[in-house]
Amino acid sequence: MNFPTNYCALPFRGMQIECDGEIKSCCLDKPHLDQSITQYHITNYDHWWNESLDRIQNHVINNTVDPGCSYCLEPTILPHPMRTGANDFFKHDPQYTPGESPEWLDIRFGNFCNLKCMMCTPLNSSQIEQEYKNNTAAYNAQGIAHSSGWKKFSIQDQAASKENWWDNPATFAKVVEIVNRARYVNFSGGEPLVMPQLYDLMDAMNPNCIITFNTNLTRLTDRTIQALKKFNNVSLQVSLDGVGAHQEWIRWNSNWTELDRNI
């Protein structure tokens with residue numbers, strides 16, 4: 001199927017739950033580029049359908065570029081695989097008709113990770129977050145600054161954003177409901193396979209849901225294998241940048257022998 005140049009199914013069918021609980025259409029959506037846009041927390045899921053989503057949908061319908069989508073739609077780079085993958089996944093669905101609930105989910109259980117990869121940031125790696133906190137002045141002197149201070153959650157979401165969303169029983173139950181209405185769920189992080197909450201969610205999920213993982217695959221347990229066996233369609237997207245010492249250098253604290261065995 002031929003899609004318009006800037007077409008993307010995710011503003012109509014998708015939702016990401018970011019590490020801090022922020023909800024948006026996908027991980028590449030950058031709503032903070034427009035400071036007038038309020039951002040919403042999964043605790044306040046009723047606002048999944050918010051003014052930001054309406055705005056992005058209108059841009060897609062008019063084949064124009066929303067500021068938050070500008071990176072993904074940058075004409076000098078190749079089409080992003082998430083957008084092309086989602087468009088292909090929903091190719092038999094009406095292009096501009098939103099679902100009643102998000103059918104394509106990207107869920108992140110915080111930034112906890114056992115590795116410190118050189119291309120990552122504090123938002124997605126607890127190891128890098130701690131290093132940055134311990135050496136903030138040195139980082140800033142090199143022009144490297146990280147901050148989540150630009151977040152502009154709605155008033156009712158501000159208190160919720162101070163805690164892990166999955167530690168709130170009501171919010172976790174709500175996510176279970178959302179997941180069980182979805183057709184595709186991706187888990188990322190941090191490192192999703194080391195998060196106990198992942199397995200609680202997988203235990204409650206429908207085995208017919210397609211699930212994928214963005215994982216470093218350095219931690220593979222019997223619990224992981226048993227949880228995966230339940231599902232009919234599983235994809236493990238392993239983060240690799242080389243082999244042997246090259247991989248260990250780029251992704252600090254990884255062990256190539258263990259990783260190779262897990263693969």
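Scoring rules and cut-offs
Residues numbered from 1 in each chain as written. Predicted model: local features only at pLDDT ≥ 70, side-chain atom pairs only at ≥ 80, totals over all residues. Heavy atoms only, no water. Buried < 20%, exposed > 50% of the residue type's maximum accessible area, 1.4 Å probe, protein only. Helix = DSSP H or I, 4+ residues; strand = E, 2+ residues; numbered from the N terminus. Arc of directions from axis to C-beta. Contact = heavy atoms within 4.5 Å. 1 Å grid on protein atoms, 1.4 Å probe; cavity = no way out; pocket = protein on both sides within 12 Å on 5 of 7 lines; lining within 4 Å. Points joined across faces, edges and corners; volume = space filled by probe spheres on them. Nonpolar A, V, L, I, M, F, W, Y, C, P; charged D, E, K, R; others polar.

Caption draft 1: Quick peek at helix α9 (residues 222–229). Of the residues making up α9, those classed as buried are T224, A227 and L228. Along the long axis of α9, the arc covered by the buried residues comes to 95 degrees, so they all point the same way. The exposed residues of α9 that point more than 90 degrees off its buried face are D222 and K229. On its buried face, α9 is in contact with α8 (196–204), β7 (210–215) and β8 (234–238).

Caption draft 2: View of the environment of P79. Here P79 is to be found in the loop between α2 (51–61) and α3 (81–89). Note on P79: relative accessible area 52%, which makes it exposed. As a C-alpha pair, P79 and N168 span 89 residues in sequence and 37 Å in three-dimensional space.

Caption draft 3: Up close: the layout of surface pockets. Its boundaries defined by the atoms lining it, the second largest pocket holds a volume of some 170 Å³. Around the second largest pocket sit K116, C117, M118, C120, I128, E131, Y139, I144, H146, W249, I250 and W252, which together line it. For the lining of the second largest pocket, the elements supplying multiple residues, two or more each, are β5 (116–117), α4 (126–134) and α10 (244–250). Here the lining of the second largest pocket is built from residues that sort into nine nonpolar, one polar and two charged.

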